[in-house]
Amino acid sequence: MKPHASIFFFAYALMISFVAVSLISVIIHKIGMRLKEWEIENRLNELKIMAEKYNISQINNSVISSDLTNEHEVNLELRQLVSDLFNEKFKIFNSLCDQYFDIGQSDKHKIQLYYQAEKEIKNICKSNDLVQLENIVNK
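Residues numbered from 1 in each chain as written. Predicted model: local features only at pLDDT ≥ 70, side-chain atom pairs only at ≥ 80, totals over all residues. Heavy atoms only, no water.

(A) The arrangement of the overall build of the chain in detail. Secondary structure assignment for the chain yields three helices and zero strands. Starting at the N terminus, the α and β elements of the chain follow one another as α-α-α. The burial tally for the chain puts 8% of its 139 residues in the buried class. Of the contacts made within the chain by residues no fewer than 6 positions apart, 58% connect residues no fewer than 24 positions apart. Of the roughly 12,400 Å² that the chain leaves accessible, carbon and sulfur atoms contribute 64%. (Helix = DSSP H or I, 4+ residues; strand = E, 2+ residues; numbered from the N terminus. Buried < 20%, exposed > 50% of the residue type's maximum accessible area, 1.4 Å probe, protein only. Contact = heavy atoms within 4.5 Å. Areas by Shrake-Rupley, 256 points an atom, 1.4 Å probe, with all protein chains shown as cover.)

(B) Highlighting a nonpolar patch on the surface. Side chains of Tyr12, Met15, Ile16, Phe18, Val19, Leu23, Ile27, Ile31 and Leu35 sit close together on the surface and give an oily, nonpolar patch of about 960 Å² of accessible area. Checked against the element boundaries, Ile16 lands in helix H1 (residues 3-103). (Patch = residues over 30% accessible without salt bridge, like charges linked within 9 Å, V, L, I, M, F, W, Y side chains within 5 Å. Salt bridge = Lys/Arg side-chain N within 4 Å of Asp/Glu carboxyl O.)

(C) Quick peek at the confidence of the model for the chain. Across the chain, pLDDT averages 82, with 87% of residues at or above 70. Confidence, expressed as mean pLDDT per element, reaches its minimum in the chain at helix H3 (residues 129-138) with 67 and its maximum at H1 with 86. (pLDDT = per-residue confidence, 0-100.)

(D) View of the pattern of salt bridges. Taken as a whole and assessed by the stated rule, the structure comprises one salt bridge. Ionic pairing is found between Glu39 and Arg43, a salt bridge with its closest N-O pair at 3.7 Å. On the criterion of helical spacing, the pair formed by Glu39 and Arg43 is a turn pair, its members being four residues apart in helix H1. Residue Glu39 is classed as partly exposed on the basis of its relative accessible area of 37%.

Below you can see the structure in the form of structure tokens.
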């Protein structure tokens, strides 16, 4: 081989290897970029899913909150109804107790109060109030 030809051959080989290394570098870079794009796309999809889950949980929380508010209001209503029923009946007994302690030692009045208390207890047992109370409790 001529010395001059070997220099061309060497330059030609060097140029081919440079082009090959450049092509390989570009291919590796493109693959890396596609992997990064794929990773970004996956992260965005995960974020969308998380946002949907968050929105669903917010909706569920608001539904639960409104249910609790409604239940609290119902409980307050029931307590008020029960309280009203009992207050009405215990006012009678309170009045009888006040009369009992106000009359002192009079046996005649004590006997009258005893019969009056017995009458009130029978009225409570016969009245519709117990049915109302059961209906309130069963709600």
